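So the chains spell out like this:
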Amino acid sequence: MTDSTDAELFGAIADRMASELALDASGHDIHHAWRVFSLGRRLADKEGADGLVVGAAALTHDLHRVVGGDEFVHPRDTLPTVRDILESVDFPTERIEAVCHCVAVHEEYDFDYGHGDERGADTIEAAVVQDADNLDAIGAVGIARAFAYGGAHDNPMWTADPSPDWVAWSADETDGSTLEHLEEKLVHLHENMNTDTGRRLAAERHAFLLEFRERFEREWVGEA
């Protein structure tokens, strides 16, 4: 349940973030932020986390996706802007650092992938935001977002050669395909859930992800 004061705060934060994320075409737009918000608040209610902190962190967590162009920017480097956004909407001062911690560590995983560090979710709120963000990366929407991200970065869907053996042609076997991203990261996310509620929700989404992968690989070579 969100009271009117919290709703006003969230709306004001979202207004700022909608502007910041307006040009995103990689699946990290304001719609993603709102889904993480909804998932995060749901998890917070079940896991006893501060819903105000979780909601604010969910809305602001992906600023780093839009400030560096093609260069990776660590979420912690966006914390001055996050603080500015929260202060501008009169967010409770005593909770701002808790929000910033959630934002700073939301991409840190137990497995070695990309720019993830050692897991740093030191609060239940950070654990919940991490789970909510990962949940939106698997399942039907997560798959759609993966291909949107690949398209935005000129990555091929897959580089496996779909031609019959007798055709004297082969695809460019380069790394960086969306299916490779699915294999290297997305299929592992269910293993990295922090909360019981997150693990329960992830199990169903993970099963759909595996079903999609199997179907995609068969259709890729015309077997289904």
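Residues numbered from 1 in each chain as written. Predicted model: local features only at pLDDT ≥ 70, side-chain atom pairs only at ≥ 80, totals over all residues. Heavy atoms only, no water.

**Points about the pattern of salt bridges**
Counted only if it meets this: The working definition used for a salt bridge is a side-chain nitrogen of Lys or Arg within 4 Å of a carboxyl oxygen of Asp or Glu. Burial classes: relative accessible area under 20% of the type maximum marks a residue as buried, over 50% as exposed, and values in between as partly exposed (1.4 Å probe, protein chains only). For helices the rule is a DSSP run of H or I covering at least 4 residues; for strands it is a run of E covering at least 2, with both sets numbered from the N terminus onward.
What the rule picks out here adds up to 11 salt bridges. A salt bridge links R145 to D136; the shortest N-O distance between them is 3.6 Å. By relative accessible area, which is 11% here, R145 ends up buried. The residue E214 makes a salt bridge to R218 at a minimum N-O spacing of 2.4 Å. Of this pair, E214 and R218 both sit in helix α9 (residues 196-220), 4 residues apart, which is roughly one turn of the helix. For E214, a relative accessible area of 38% gives the class partly exposed. Taken together, the shared-partner salt bridges connect R35, D136 and R145 into one network.

**Observations regarding the confidence of the model for the protein chain**
In low-pLDDT regions, the fine details of the predicted coordinates are not to be read closely. Cut-off, in case you're wondering: How sure the predictor is of each residue is captured by pLDDT, a score from 0 to 100.
Of all residues in the protein chain, 88% have pLDDT values of 70 or greater, and the mean over the chain is 88. The element-level mean pLDDT for the protein chain is lowest in helix α8 (residues 178-184), coming to 91, with helix α3 (residues 51-60) highest at 98.

**Thoughts on helix α6 (residues 124-135)**
Let me state the cut-off plainly: An expected span of 1.5 Å times one less than the residue number is assigned to each helix. Note on definitions: a residue-residue contact is assigned when non-hydrogen atoms from the two residues lie within 4.5 Å.
Between its terminal C-alpha atoms α6 stretches 16 Å, which fits the 16 Å expected from 12 residues at 1.5 Å a residue. In terms of burial, α6 is a largely internal element, 11 of the 12 residues being buried. Within the sequence span of α6, burial applies to E125, A126, A127, V128, V129, Q130, D131, A132, D133, N134 and L135. Close packing links the buried residues of α6 with α2 (30-47), α3, α5 (93-105) and α9.

**Description of the side chain of H32**
Here H32 lies in helix α2. Judged by relative accessible area, H32 falls into the buried class, the value being 0%. Not counting residues up to four positions away in its chain, the partners in contact with H32 are G27, H61, D62, D133, D136 and R145.

**Considerations on the packing of aromatic side chains**
Selection rule: Only the six-membered ring of Trp is used, alongside the rings of Phe and Tyr, when aromatic pairs are assigned; centres must lie within 6.5 Å, and planes under 30 degrees apart are stacked while those over 60 apart are edge-to-face, with the rest tilted.
Here the structure, examined in full by the defined rule, presents 8 aromatic pairs. Taking 5.0 Å as the distance between ring centres and 85 degrees as the angle between the ring planes, the aromatic pair formed by W34 and F37 counts as edge-to-face. Of this pair, W34 and F37 both sit in helix α2, 3 residues apart, roughly one helical turn. A relative accessible area of 33% places W34 in the partly exposed class. Consider the rings of F147 and F216, whose centres lie 5.9 Å apart with planes at 40 degrees: the pair is tilted. With F147 in helix α7 (residues 139-152) and F216 in helix α9, this residue pair connects regions lying 69 residues apart in the sequence. By relative accessible area, F147 is classed as partly exposed at 21%. For F216, a relative accessible area of 12% gives the class buried. An aromatic cluster of at least three residues, connected via ring pairs, comprises F147, W158, F212, F216 and W220.

**Structural notes on the environment of R41**
To keep it simple, the criterion reads: Counted as a polar contact is a pair of N or O atoms within 3.5 Å, where, for protein atoms, one must be capable of donating a hydrogen and the other of accepting one, and residues adjacent in sequence contribute only when both atoms are in side chains.
Along the chain, R41 turns up in helix α2. Using a relative accessible area of 16% as the deciding quantity, one classes R41 as buried. Spatially, the C-alpha atom of R41 lies 9.5 Å from that of V53, the residues being 12 residues apart in sequence. One polar contact links the side chain of R41 to the main-chain carbonyl oxygen of G51, over a distance of 2.9 Å.

**What about unusual backbone geometry?**
At D90, a residue that is not glycine, the phi angle is positive and equals roughly 60 degrees. With respect to the element layout, D90 can be found in the loop between α4 (79-88) and α5. The phi angle at D154 is positive, at roughly 60 degrees, despite the residue not being glycine. Note on D154: relative accessible area 73%, which makes it exposed.

**Overview of the packing of α3 against α6**
Going by this rule: Convention adopted: a line fitted to C-alpha atoms gives each axis, helices being fitted over their contacting stretch, and angles between N-to-C directions are expressed from 0 to 180 degrees. Here roughly perpendicular refers to angles of 65 to 115 degrees, roughly parallel to angles under 35, roughly antiparallel to angles over 145, and oblique to all remaining angles. Crossing handedness is defined as follows: a turn of the near helix away from the far one that is anticlockwise and smaller than a right angle gives a left-handed crossing, while the clockwise case is right-handed. Under the scheme applied, nonpolar residues are Ala, Val, Leu, Ile, Met, Phe, Trp, Tyr, Cys and Pro; charged residues are Asp, Glu, Lys and Arg; polar residues are all the others, including Gly.
As a packed pair, α3 and α6 sit with axes 9 Å apart at the nearest point and diverge in direction by 45 degrees. As summarised for this structure, α3 and α6 are arranged oblique, according to the angle between their axes. Crossing geometry of α3 relative to α6 is assigned as right-handed. Every residue of α6 that contacts α3 at V53, V54 and A57 is listed here: E125, V128 and V129. Of the residues assigned to the contact of α3 with α6, the class counts are 5 nonpolar, no polar and 1 charged.

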